[in-house]
Structures are given as structure tokens and as C-alpha cells.
Amino acid sequence: MRLPLIQPSDLTSEQRPLYDDMRKGIASNFNAFQVERKDGALMGPWNPWLHEPRIGKAIWDLTLAMTAEASLPDNVRQIAILVVGARFDAAYEIYAHIAVAEREGMAIERLATLVAGVKPTDFLPEESIAYDFAYALVRGGVLPEPLYRLAVDTFGQHGTNELVYLVGLYSLVSTTLNGFNVPVPERE
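Here goes a summary of the coordinates provided. Not measured: the values here are computed from a predicted model.

Its 13 residues place the ends of helix α5 (residues 91–103) 18 Å apart at the C-alpha level, agreeing with the 18 Å of an ideal helix rising 1.5 Å per residue. Taking burial as the measure, the 13 residues of α5 include ten buried ones, the bulk of the element. Listing the buried residues of α5 in full gives Tyr92, Glu93, Ile94, Tyr95, Ala96, His97, Ile98, Ala99, Val100 and Ala101. Contacts made by the buried residues of α5 are with α2 (46–51), α4 (74–88), α6 (108–115) and α8 (145–179).

A word on the side chain of Glu93. Among the structural elements, Glu93 can be located in helix α5. For the buried Glu93, no salt bridge is present, and the opposite-charge side chain at shortest range is Arg77, 11 Å distant. Polar contacts involving the side chain of Glu93 include one to the side chain of Ser174, which spans 2.4 Å. Those residues in contact with Glu93 that lie beyond four places of it in its chain are Ile81, Val84, Gly85, Tyr170, Val173, Ser174 and Leu177.

The next thing to look at is the side chain of Thr160. Residue placement: Thr160 occurs in helix α8. Note on Thr160: relative accessible area 0%, which makes it buried. In this structure Thr160 touches Phe133, Tyr148, Ala151, Val152 and Phe155, once residues within four positions along its chain are discounted.

This part takes up the pattern of salt bridges. Inspection of every chain in the model, using the stated rule, returns eight salt bridges. Salt-bridge contacts for Glu162 lead to Arg77; the nearest nitrogen and oxygen are separated by 2.7 Å. On the criterion of sequence distance, the pair formed by Glu162 in helix α8 and Arg77 in helix α4 is long-range, its members being 85 residues apart. Note on accessibility: Glu162 and Arg77 belong to one class, buried.

This part covers the nonpolar core. Residues Met22, Phe33, Trp46 and Tyr92 are the most contacted members of the largest nonpolar core, which totals 56 residues. If you list the elements that add at least two residues to this core, you get α1 (15–29), α2, α3 (53–68), α4, α5, α6, α7 (125–139) and α8. Looking at this core, the element that brings in the most residues is α8, giving ten residues.

Let us look at unusual backbone geometry. Although it is not a glycine, Asp89 adopts a positive phi angle of roughly 50°. Here Asp89 shows up in the loop between α4 and α5. A residue is classified by how much of its surface remains accessible, and Asp89, at 60% relative accessible area, is exposed. At Asn181, a position not held by glycine, the phi torsion is positive, near 50°. Here Asn181 lies in the segment after α8.

Before going further, it helps to examine the packing of aromatic side chains. All chains considered together, the criterion is met by nine aromatic pairs. Here Phe33 and Tyr92 contribute two aromatic rings whose centre-to-centre distance is 6.1 Å and whose plane-to-plane angle is 80°, an arrangement assigned as edge-to-face. Residue Phe33 is located in the loop between α1 and α2, and its partner Tyr92 is located in helix α5; the two are separated by 59 residues in the primary sequence. Both residues of the pair, Phe33 and Tyr92, belong to the buried class. On the numbers, 5.8 Å between centres and 10° between planes, the contact of Tyr131 with Tyr135 is stacked.

Cut-offs applied
- Residues numbered from 1 in each chain as written.
- Predicted model: local features only at pLDDT ≥ 70, side-chain atom pairs only at ≥ 80, totals over all residues.
- Heavy atoms only, no water.
- Helix = DSSP H or I, 4+ residues; strand = E, 2+ residues; numbered from the N terminus.
- Expected span 1.5 Å × (residues − 1).
- Buried < 20%, exposed > 50% of the residue type's maximum accessible area, 1.4 Å probe, protein only.
- Contact = heavy atoms within 4.5 Å.
- Lys, Arg positive; Asp, Glu negative; His and termini not counted.
- Salt bridge = Lys/Arg side-chain N within 4 Å of Asp/Glu carboxyl O.
- Polar contact = N/O pair within 3.5 Å; in protein donor to acceptor, adjacent residues only side chain to side chain.
- Core = buried A, V, L, I, M, F, W, Y, C linked by side-chain atoms within 4.5 Å.
- Phe/Tyr/Trp six-rings, centres within 6.5 Å; stacked < 30°, edge-to-face > 60°.

What follows is the structure in C-alpha cells.
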């Protein structure tokens, strides 16, 4: 870990409101995995965001907007996020979203295949589209037109927009995690 965890007692006046807002949002949206040390210090991407609160707040606001505007089914969202995490080999992201996907009932065999960077063979059509869409975007370049049209036909324009932004957001999260070498908490 390249940035020390910030204990709540050490927060600056600029960090405190962001910390409080993140803890509130984490409690209601990101509670399937460990996000906080026993002393209240935030782990995962939240710690680096606290170190730069103006930038961190902007990223956190985007994260909240992506959660509030979610229209895609949870399995589709988790597949896209895990494709991104696997592509970037972002350990905390993989850890966190395996926990979320497990809580939502995704089979361990499917999770193992996804985090290995391989497309599972048992996908429903919309899951397959989400995988291909996220995979194509994280490879770089323009998303192929047939895949874009297929996503619009399947998820609608809003859902397709959401998928683009979701891949972008979790690419940013993965880059944050990898850039600051954020570790995975030990599983109990």
C-alpha cells in the first residue's frame, strides 16, 4: 500500500465530509466485502480518494450516480465489472466484486472463469453481450458497431450508456487500486 490508511481522528476538515458521505454510501451499497479497518479507516479505492478529497469527491459522486441510475440487471453489471477487474488484474476490485457476485448467487465456476479472463460458456444472451462489450472496451479502440447495436437492442440506449460508463468507472477504480498498490483484506 503506497498511501497510509487515514484514521478518522486524523482526517482534515476537507476530508471529513467526504469520509462521512463515503461511509454512509458504503453502508448501503458496498457491504458484501471488507471496506473498513477496525479503527474506521477506509480501505480499497476509498482511501486514495480521501488523500485527494477534491478529486476523490468527484469520483465518489460518479460512483453514487452510477449506483442511483443503475438499470442493468445485477448479474450483467457484475460481469462487466469483473471483466474490467480481470483485464487490469486489480486484486481489490476482483476481491470485492467476487463477494458481491457470490452474494447474488453467481456460481464459483463462473467466477473463476471470469477472473481468469475467459468467457464462461453458460451465459444467458444478455450476459454474453455484457461480457463481449466490456471485453472489447478494455482492449482499447472503438467499440465495434455490431456489438454497440446489439447492446442497444438488448439493453436500450440508457442501458448501453450505463454499460459504457460502468466500464469506464471501473477502469478508473482499477487504475487507482493498481497505482497505489491497494491490498486485499484477508478473508475470514
